[in-house]
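As a plain string of letters, each chain reads:
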Amino acid sequence: MRRLLSFVMIGFLAFACVSFAKHSDGLVLFRGFGYQVELSLAVFIVVQLVLIYFLYLGLKILSFVWSSKRRFLAYLKVRQERHEILRLKGFIKNLVTLETQSLYKETQKYIRDSDEVSRETLLVAARAAHVERHYSDRDASIARLELADDDDVYLAKSLMLIDEARYHDALAALSQINKRSTSSVRSEVAALRLGEKWDQVLLVLKDAKKFDAFSSERVDQIELEAFLGILSKPDMSLSALKEILKQANKRIRGEASFVMAMSKGFLSFDENRLAQNLVEDYLSRSWDDEIMLHYVRSSDNQNVTPLEKAEKWLEKQPRNPRLLTGLGILCRERELWGKSESYFRASNALENSVEVAYELSILYRRMNRLEESKVQLEFFAARQVAKVDS
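Residues numbered from 1 in each chain as written. Predicted model: local features only at pLDDT ≥ 70, side-chain atom pairs only at ≥ 80, totals over all residues. Heavy atoms only, no water.

K.L.:
Quick question: what am I supposed to make of the packing of aromatic side chains here?
P.N.:
Note on aromatic pairs: each is described by the distance of the centres and the angle between the planes. One pass over the structure, following the stated rule, counts 4 aromatic pairs. Pairing W287 with W313 gives two aromatic rings, centres 5.5 Å apart and planes at 80 degrees, and the pair type is edge-to-face. In this pair, W287 is assigned in the loop between α14 (272-285) and α15 (289-298) and W313 in helix α16 (residues 305-316), connecting sequence segments 26 residues apart. Classification of W287 as partly exposed rests on a relative accessible area of 24%. For the ring pair Y358 and F380, a centre distance of 5.2 Å and an interplane angle of 45 degrees mean the geometry is tilted. Placement of Y358 in helix α19 (residues 354-366) and of F380 in helix α20 (residues 370-389) is noted, with a sequence separation of 22 residues between them. An aromatic cluster of at least three residues, connected via ring pairs, comprises W287, Y295 and W313. (Phe/Tyr/Trp six-rings, centres within 6.5 Å; stacked < 30°, edge-to-face > 60°. Helix = DSSP H or I, 4+ residues; strand = E, 2+ residues; numbered from the N terminus. Buried < 20%, exposed > 50% of the residue type's maximum accessible area, 1.4 Å probe, protein only.)

K.L.:
For this particular structure, what's the right way to read the pattern of salt bridges?
P.N.:
When their charged atoms lie close together, side chains carrying opposite charge are able to pair. All told, the structure shown has 28 salt bridges when counted by the stated rule. Residue E164 is joined to R166 by a salt bridge in which the shortest nitrogen-to-oxygen separation is 3.3 Å. Between E355 and R322 there is a salt bridge, and its shortest N-O distance comes to 3.5 Å. Remark: R322 occurs in helix α17 (residues 321-333) and E355 occurs in helix α19; sequence separation between them is 33 residues. What emerges from the salt-bridge pattern is a single network uniting E290, R297, R322, R332, E333, E355, E359 and R366. (Salt bridge = Lys/Arg side-chain N within 4 Å of Asp/Glu carboxyl O.)

K.L.:
Any chance you could explain the packing of helix α6 (residues 151-163) against helix α8 (residues 182-194) here in plain terms?
P.N.:
Contact geometry for α6 and α8: axes closest at 10 Å, N-to-C directions at 25 degrees. Relative to α8, the element α6 lies roughly parallel. Here α6 and α8 pass one another in a crossing that is left-handed. Packed against α6, whose contacting residues are L155, S158, L159 and I162, the element α8 presents S183, S184, S187, A190, A191 and L194 at the interface. For the contact of α6 with α8, the per-class residue count stands at 6 nonpolar, 4 polar and no charged. (Axes fitted to C-alpha atoms, helices over the stretch in contact; angles between N-to-C directions. Parallel < 35°, antiparallel > 145°, perpendicular 65-115°, else oblique. Left-handed = near helix turned anticlockwise from the far one by under 90°. Contact = heavy atoms within 4.5 Å. Nonpolar A, V, L, I, M, F, W, Y, C, P; charged D, E, K, R; others polar.)

K.L.:
Explain the environment of K210 here, please?
P.N.:
Relative to the helices and strands, K210 is located in helix α9 (residues 198-211). Along the primary structure K210 and T182 are separated by 28 residues, whereas in three dimensions their C-alpha atoms are 9.1 Å apart.

K.L.:
What am I meant to see in α19 here?
P.N.:
Residues lying three or four places apart along an α-helix face the same way, a consequence of the helix completing one turn every 3.6 residues. With 13 residues, α19 should cover 18 Å at 1.5 Å per step; its first-to-last C-alpha distance of 19 Å lies within 8% of that length. Directly beyond the C-terminal end of α19, a positive phi value near 65 degrees is found at N368. (Expected span 1.5 Å × (residues − 1).)

K.L.:
Can you walk me through the side chain of T121 in this structure?
P.N.:
With respect to the element layout, T121 can be found in helix α4 (residues 119-131). Relative accessible area serves as the criterion here: at 0%, T121 is assigned to the buried category. Within the structure, the side chain of T121 is placed 2.8 Å from the side chain of S118, a separation counted as a polar contact. (Polar contact = N/O pair within 3.5 Å; in protein donor to acceptor, adjacent residues only side chain to side chain.)

K.L.:
Mind showing me how you'd approach helix α18 (residues 337-350) here?
P.N.:
Its 14 residues give α18 an end-to-end C-alpha distance of 20 Å, which sits within 8% of 20 Å, the value for a rise of 1.5 Å per residue. Regarding α18, the residues found buried are S340, E341, Y343, F344, S347 and N348. Down the axis of α18, the buried side of the element spans an arc of 165 degrees, and every buried residue falls inside it. (Arc of directions from axis to C-beta.)

K.L.:
Please explain unusual backbone geometry as it appears in this structure.
P.N.:
Outside of glycine, negative phi angles account for most residues, and trans bonds account for most peptide bonds. One non-glycine residue with positive phi stands out, namely D149, at about 55 degrees. By the secondary structure assignment, D149 is in the loop between α5 (135-146) and α6. Overall, the relative accessible area of 40% leaves D149 in the partly exposed class. Look at D212: it is not a glycine, yet its phi comes out positive at around 55 degrees. Checked against the element boundaries, D212 lands in the loop between α9 and α10 (216-231).

Here is the structure:
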């Protein structure tokens, strides 16, 4: 502003000097519109200074009016934003306290009545509509948000679609994300697990490790779930089975469920030696009664090694009734009737189980002690009923 006034003043003074130089008599003559005005140079300068002063006042007034308008508009905007923040805080409070029914109604009314709705309010409205299962209103809010092409919107959409068990649509939403993040990788893993896409789960878990999306324990849990899912497929090949065993880390190979699934897989291809070695290696480091019984039932009757192994295990666990039952089965399948019965009786003394009565009935039937076999079957039936009633 000062520069403008200085420029105008210099211009007027320059005009006065030129006029004075042109009229050496010291007078300034103005002609126009049929009039003629003659002024002395001193009066002309005073008139110019007065004009400059009034011009300055006019510019100040215009500047004040313009700045006041901007300040007023800024004030209205700040006030509106403050009201929006307070309203949004109320919406978030209702969302956190699970008062979603009232929140859904409030947000929908606000969206209908407002010309502009903030991104955050639309997200809250979408979540409230999702919880209340008003999916059309949820999708309408999401559609408005998607116009901004924001990664957070696609992430929020995928999470809601996962809740709805629509993993295909969730994956489609995640594919629109421009920059992957920890949250997007977690959501991708969740969607793939929901769809039981186990091969893809293992691939995405590699990215999850880079993003540090899960703890190492959680990664192992998901990997174990994926391996078990792959092993449950009916079209599993032997080469794929061996590849899984190579991929599995030490912690997963130490899981009973993994060992059991791998052993059953090898047995399905008549790879008894591989299955036996896998179980023996596990039982040498850890213990699981179910795996031991699986080992017992799947062992080759002509092979005495399982029996020798089990007898060594008994030295460390002499009062394990399940192990005694396993030894009874091993001896029975090798027609060692006396040892088999003694192991079954020892197990029954420690734990009066349903399983022992059933195994004894099989032993007595093979020994042609049919009456005793019948008695054991009756015990088995009675214990089964008692087990169900309890």
